[in-house]
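# A look at the structure
The chain contents come next:
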Amino acid sequence: MAKNEKIPENTLFKDIVSHAKEYGFVFQSSEIYDGLQAVYDYGPFGSELKKNIKELWWNTMTRFNDDIVGLDSAIFMHPDTWKASGHIDSFNDPMIDNKDSKKRYRADVLLEEKAALYEKAGDLEKSAALLKKMGQLLEAEDLNAVRELIVAEEIVCPVSGTANWTEVRQFNLMFSTQIGSLAEDSNKVYLRPETAQGIFVNFLNVQKSARMKIPFGIAQIGKAFRNEIVARQFIFRMREFEQMEMQFFVRPGEELEWYAKWRDMRMQWHKALGIPENKLRFHDHDKLAHYANAAVDVEFEFPFGFKEVEGIHSRTDFDLRSHQEVSKKKIQYFDPEVNKNYIPYVVETSVGCDRLFLMLLCNAYTEETSGEEENQKTRIYLKFHPALAPVKAAILPLTKKDGLPEKGQEIYKKLKRNFNVIYEEAASIGKRYTRQDLIGTPYCIAIDHQTLEDNTVTIRHRDSTSQERINADALEEFLHKECSFNQIFDQLD
């Protein structure tokens, strides 16, 4: 395989998942008990990468923008919240069972996968027509016709290989539990299926306490829970996941203008992370949610195809109006510029932190093969943006003697105050470089005998493997420049 040659898709994703476990990014939850399906734990380097993703998103929203403030609402909310939002009545997935394999599938996912096959074969028109037809049927809630479409497309169960399908039924995705000591219906509460409602019910609290004027936004990062029946593709679809959502409140009539602005800004943000333009695309919704008058997804080309990582939605005034009606509390904003009260309209940006994590991991995973065919060597490394890399630098004394470890420790202790760095002296320098490549460390700092003479160190760059020599006293400034979020913010100005 030549340098940067594309790895076959059928093995690439398996390689990435295996790499994520072996090198401390993601583990199966409760693995010693054979695991819990669609629930995962983040390891030492995965937790660092996820923390960096959240910090970057938070700073982009609340610091890069003067008109957005933050919130951290509770997971448990009054059950009437979900009545007002429509989740109790409408938060369903269309499910279909295969009678032979006894396996259950999401009907829309089966059709989307069929459309993806058409697209892969180059028949874009047939793919688009199938997705449009599916959207129309789901919007009309014609589940019988959805089943007929699955049969007409000759879609079979991947386990049994048959098309012996049941009827399509709706399945509510919310987890419920009881609050208090008695397990009664009156004590039923839900684990939130999204973080947005915590923002809406706190709209007036935030607006008044932070003295915000329309237009303004409220950002939040938090856990959400969905009882996904079909949870596949590693951490792409999980039952417990983390959302990063921002609700931007605007004047009625201005929502579509702001929707277009946020759509373009969010796409620019993804590109600034180092994602190639040809790996990203917009996908407009054929079927709009009950609260929306416009919706688009930012999709990334995973090894298993283009899939959503972020949604931008114009939610109209549905949420605030619904909460006003159910709570009987007035939720309006007095706009001094137009001298009237109104219920603001909302533009939402909603991105899954776990999907962003997977996108960055898939994009970073690189295999390079060099040398003659009979003596080829393969180098694997994770090409993370330095600002997001779990470890920013590794301090590596060339030997364990002659004062090099002591000098290395001196540099390590100075740098670790501001950066997540690693000190390592075991094995050869080449093996240590390889270990850092495998976790995506952008810079390795080698301490050698010359360091003791003139206080200079060798910096090895992960992507090119090129090396440069700089003064050890300049390391902090170097890492601040190369690993700062400013590297990303500069592309957003």
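Numbering of residues begins from 1 in every chain and follows the order in which that chain's sequence is written. In keeping with the predicted nature of the model, local features appear solely for residues at pLDDT of at least 70, side-chain atom pairs appear and are counted solely at 80 or more, and the whole-chain, interface and lining totals rest on all residues. Where side-chain values are given, they derive from all heavy atoms of the structure, hydrogens and water being excluded.

With that settled, the discussion passes to the sheet that holds strand β4 (residues 92–97). Note on pairing: DSSP must find at least two bridges between two strands before they are called paired. A helix here means a DSSP run of H or I that spans at least four residues, while a strand means a run of E at least two residues long, and both kinds are numbered starting from the N terminus. Spatial ordering of the open sheet is given by β5-β4-β6, a layout of three strands whose pairing is antiparallel. Sheet topology places β5 (104–106) and β6 (169–172) at the edges, where each strand pairs with a single neighbour. Neighbour to neighbour, the strand axes of the sheet diverge by 45 degrees on average, direction disregarded. Two elements, β4 and β6, share four bridges in a ladder whose sense is antiparallel. When the sheet's bridge partners are listed, Asn92 is paired in β6 with Asn172. All axes here are fitted lines through C-alpha atoms, helices being fitted over the stretch that makes contact, and every angle between N-to-C directions spans 0 to 180 degrees.

The next thing to look at is unusual backbone geometry. Note the cis peptide between Ile214 and Pro215, where omega equals 0 degrees. Along the polypeptide, Pro215 turns up in the loop between α9 (203–209) and β9 (216–225). The backbone phi angle of Ser30 is positive, close to 55 degrees, even though this residue is not glycine. When accessible area is computed with a 1.4 Å probe and restricted to protein chains, residues below 20% of their type maximum are described as buried, those above 50% as exposed, and intermediate ones as partly exposed. A relative accessible area of 36% means that Ser30 is categorised as partly exposed. The phi torsion at Asn455 lies on the positive side, around 65 degrees, for a residue other than glycine. Relative to the helices and strands, Asn455 resides in the loop between α15 (449–454) and β22 (456–461).

To continue, consider helix α5 (residues 107–120). Given a helix with a known number of residues, its expected span is that number minus one, times 1.5 Å. An ideal rise of 1.5 Å per residue puts 20 Å on 14 residues; α5 measures up with 20 Å between its terminal C-alpha atoms. The set of residues buried in α5 consists of Ala107, Asp108, Val109, Leu110, Leu111, Lys114, Ala115 and Tyr118. Where α5 is buried, its residues meet β4, β5, α6 (124–139) and α7 (143–152). Among the residues trailing α5, Gly122 stands out with phi positive, at a value near 95 degrees. Any two residues whose heavy atoms approach within 4.5 Å at even a single point are treated as in contact.

Burial analysis of strand β17 (residues 365–370) places five of its six residues in the buried class, which makes it a mostly covered element. Summarising the sheet, β17 and strand β18 (residues 377–382) pair through six bridges and their orientation is antiparallel. Looking at the pairing, Thr366 lines up with Tyr381 of β18. Between β17 and β18, which pair antiparallel and follow one another directly, the connecting turn spans six residues, one of which, Gly371, has a positive phi of 95 degrees.

What follows concerns the packing of helix α2 (residues 44–62) against helix α12 (residues 353–364). Packed helix pairs are specified by the crossing angle of their axes together with the interaxial distance, meaning the distance between the axes. Contact pair α2 / α12: the axes reach a minimum separation of 10 Å and the direction vectors enclose 115 degrees. The angle between α2 and α12 falls in the class roughly perpendicular. The way α2 lies across α12 gives a crossing that is right-handed. Note on element contacts: α12 touches α2 through Cys353, Asp354, Leu356, Phe357 and Leu360, opposite Gly46, Leu49, Lys50, Ile53 and Lys54. Residues are grouped as follows: Ala, Val, Leu, Ile, Met, Phe, Trp, Tyr, Cys and Pro are nonpolar; Asp, Glu, Lys and Arg are charged; every other residue, Gly included, is polar. Classifying every residue of the contact of α2 with α12 gives six nonpolar, one polar and three charged. Orientation is classified from the angle alone, with under 35 degrees giving roughly parallel, over 145 giving roughly antiparallel, 65 to 115 giving roughly perpendicular, and any other angle giving oblique. Rotating anticlockwise by less than a right angle from the far helix to the near helix defines a left-handed crossing, while the corresponding clockwise rotation defines a right-handed one.

Take the UniProt feature "binding site: substrate" (unreviewed entry) in the protein next. UniProt positions are given in the numbering used here, feature names are shortened, and annotations may be inferred rather than shown by experiment. According to UniProt, the "binding site: substrate" (unreviewed entry) feature falls on Arg106, Glu194, Phe241, Glu242, Gln243, Met244, Glu245, Glu348, Thr349, Ser350, Val351 and Gly352. A maximum C-alpha distance of 25.6 Å is found for the annotated residues, which run over 247 residues; spatially they are spread out rather than grouped. Under the relative-accessibility criterion, Gln243 is labelled buried at 7%. The topology assignment puts Glu348 in strand β16 (residues 345–352). In this structure, Glu348 is in contact with Ala196, Glu245, Met246, Gln247, Gly311, Ile312, His313 and Arg315, ignoring residues within four places of it in sequence. At a separation of 2.8 Å, a polar atom in the side chain of Glu348 contacts the side chain of Gln247. The definition of a polar contact used here is a pair of N or O atoms within 3.5 Å, where within protein one atom must be able to donate a hydrogen and the other to accept one, and adjacent residues in sequence count solely through side-chain atom pairs.

On to the environment of Thr366. Along the chain, Thr366 falls in strand β17. Classification of Thr366 as buried rests on a relative accessible area of 12%. In this structure the C-alpha to C-alpha distance between Thr366 and Tyr412, which are 46 residues apart in sequence, comes to 28 Å. A distance of 2.9 Å separates a polar side-chain atom of Thr366 from the backbone oxygen of Ala364.

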